[in-house]
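# Descriptive analysis of the structure
The residues making up each chain are set out below.
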Amino acid sequence: LKMSWFWFYVPLHLLMAACLCHSIKAPTTSSQQSFKTDLFNFYHSLMLADGKETTVHLLKDISKRYYFVLEEGRALAPFTITVTPCDVPIEWSILVHKASASFLGKAARGDHDTEEVSKSQKAPSMVSTIFNYKGNSVETYMGMSSHSALYMLEFLSTERDTHITVYLTTDTTSGQLYPELPVDPRIDVVGIGHTTVTLTWKHSPSVLQHRENIQYCLLVNEKHNYKSLCAAETAIRSSGMKLPPTLALSLSPYLLEPQQVMILSNSELSIINKASSGEVRQICMGTKNTYTVLNLSPSTQYYFDVFIVNLLTNASAAYTGTFARTLEEPEPKVMELKDGKVIQVVLDGKKQKFYSLQYQARHKKIQFTFQLCRGQVRVHITKNGKTVALENISGLRYFLLKGKLLDTYLVQLRSTEESNSSVKVQVSPHFHKPLFPLLPESLKIKSFSKLRTCNSVTIAWLGTQEESKYCVYKKRIEEDQVWMELRSADRCSGPESRHKSEKVLCKYFYDINLQRAVTTETIKGLDAGTLYLFDVYLFGPSGIPVRYHSKVVKTRKKC
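All of these numbers come straight from a predicted model, not from anything done at the bench.

## Regarding the side chain of R498
Tracing the chain through its elements places R498 in the loop between α7 (482-488) and β32 (503-509). What makes R498 buried here is its relative accessible area of 14%. When neighbours within four sequence positions are excluded, R498 is seen to be in contact with Y473, K474, K475, D535, Y537 and R547.

Structure follows, in structure tokens:
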């Protein structure tokens, strides 16, 4: 037996009729009766290509049929059909009509006559269903035909519009389109950590035979396993994320979308899709069959799918997926605060973890001092388990609290931004020895536009009733650096972090009358049409500086 295909021209109105005939609503009579009715019109029907993967689009509740013919040629003809649902479960079946080789051959060539058709219609039909399936798994039917036969594949989706792929081949000697799975296609979880999972799987025989054209790709997500690469890609797209046509072809950076991040290191390609429904990772690691997934979230269940992909044909086969839950994160260590000691805490904005500090009171009145260095921080203070303070802090913030001796205070700090934040913390009963200087009403720096020239600017800032030292620094910046300079400024760092060339001057001043506690300074020797960043540092008795809010001023271009 051999395969025969039907490719010839037909009038346009017959072609349209054929399309309508084979994309009709699910029949109310049996599929066998429908098959008999369509038998002698199959030569202008949807013919299934041999040796090629065909994508079939299905509309809800509307069946679609494809045909192929096996003709007389040799004793036995093996063939295989593989159907891959790409979304919801579908129903599909294979029906066969055994007929004479002479009629099928003439029908294939389109040279049948009315008399022979009439005779064939009167002959007893031998129609039977040889296979049917309902589900969303990849299913393969392997058959053997010993006579001429017309086959029909019928597909139906009852849930929603979807698409599938169908692969038919009669050549079982020259290799398969799909990579071969091992006898045991399971993925084994061999290690679990707080943020890591290590996986291993048995090698595909295809890797040993065609190593240069085969690679493994791993899909990681938090929803469920996928039974095919086609189903995984469909689910990711429907969730609002876009991904390249296949994992195997994801090596081209230009295929990436804005919500994708590509990481290429140690011959491994990782693509991270981000959307509201969660994060999906795709990692292609060549022919390695052991992989450790990093940077996972603690105490989270993840699903892992491995696909063996043929880089030449884009065809893939799926291992049996697995899942694992990362370990719970250990309770954060609580740091003890000591009287008068200043500590600086850096908070991870991405993990949104609390940083805990504990203090046991040795006095009835105590004072907590917080100086925000970078970002935004939320402070939660409890006394013996009851909340006494809860707020987002900015700049310098004091909390004066009253209680009993040996009261236990717990301070929890958390960044309210995705970027890292940092804050300095001190607790002390010694109010008469302030750590930080007395602060003015505002820490803003003002510039006077009318006093700007091509080589100078005039700035002003508020002082206090306490004589203090003020130091002014300047830095030349570019237009595209303004946002980053203001965003990343560490308000806890002092002049020691600045270059000596940036120092402008230092001065002392104060005024008993707060209405007059204002000072101005004209900075000269600047370049025309240039942006400058100005900073003022205030030093108190302890020597710890407080940084005013940075001010950006541009000199005039023409004078």
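## Quick look at empty space enclosed by the protein
Counted under the stated rule, the structure contains one cavity of 30 Å³ or more. Put simply, the largest cavity is a space of about 70 Å³. Residue lining of the largest cavity: Q371, L372, G395, L396, L443, R491, V546, R547 and H549, and that is the complete set. For the lining of the largest cavity, the secondary structure elements donating two or more residues are β23 (365-374) and β35 (545-547). Grouping the amino acids of the lining of the largest cavity by side-chain chemistry returns four nonpolar, three polar and two charged.

## Some remarks on the environment of S204
In this structure, S204 sits in the loop between β11 (197-201) and α5 (205-209). Overall, the relative accessible area of 0% leaves S204 in the buried class. Taking the C-alpha atoms as reference points, S204 and Y319, separated by 115 residues in sequence, lie 9.7 Å from one another. When sequence neighbours within four positions are dropped, the list of residues in contact with S204 reads E180, P182, Y216, I308 and Y319. Polar side-chain contacts of S204 include one of 2.3 Å to the backbone oxygen of E180.

## Some remarks on unusual backbone geometry
Non-glycine residue N295 carries a positive phi angle of around 55 degrees. By the secondary structure assignment, N295 is in the loop between β16 (290-293) and β17 (301-310). The exposed category is assigned to N295, whose relative accessible area is 66%.

## A word on the state of the cysteines
Counted by the stated rule, this structure contains five disulfides. Two residues, C454 and C559, share a disulfide whose sulfurs are 1.9 Å apart. Between C454 and C559 the sulfur-sulfur dihedral comes to about 120 degrees; the bridge is accordingly right-handed. With C454 in the loop between β29 (446-447) and β30 (457-462) and C559 in the segment after β36 (551-554), this pair connects stretches of sequence that are 105 residues apart. Classification of C454 by relative accessible area gives buried; the value is 15%.

## A look at the pairing of strand β5 (residues 90-98)
The element β5 is largely enclosed, with a buried count of seven among its nine residues. Sheet analysis places β5 next to strand β8 (residues 149-156), joined by eight bridges and oriented antiparallel. When the sheet's bridge partners are listed, K98 is paired in β8 with A149.

Reading the values: the criteria
Residues numbered from 1 in each chain as written. Predicted model: local features only at pLDDT ≥ 70, side-chain atom pairs only at ≥ 80, totals over all residues. Heavy atoms only, no water. Helix = DSSP H or I, 4+ residues; strand = E, 2+ residues; numbered from the N terminus. Buried < 20%, exposed > 50% of the residue type's maximum accessible area, 1.4 Å probe, protein only. Contact = heavy atoms within 4.5 Å. 1 Å grid on protein atoms, 1.4 Å probe; cavity = no way out; pocket = protein on both sides within 12 Å on 5 of 7 lines; lining within 4 Å. Points joined across faces, edges and corners; volume = space filled by probe spheres on them. Nonpolar A, V, L, I, M, F, W, Y, C, P; charged D, E, K, R; others polar. Polar contact = N/O pair within 3.5 Å; in protein donor to acceptor, adjacent residues only side chain to side chain. Disulfide = S-S within 2.5 Å. Pairing = 2+ DSSP bridges.

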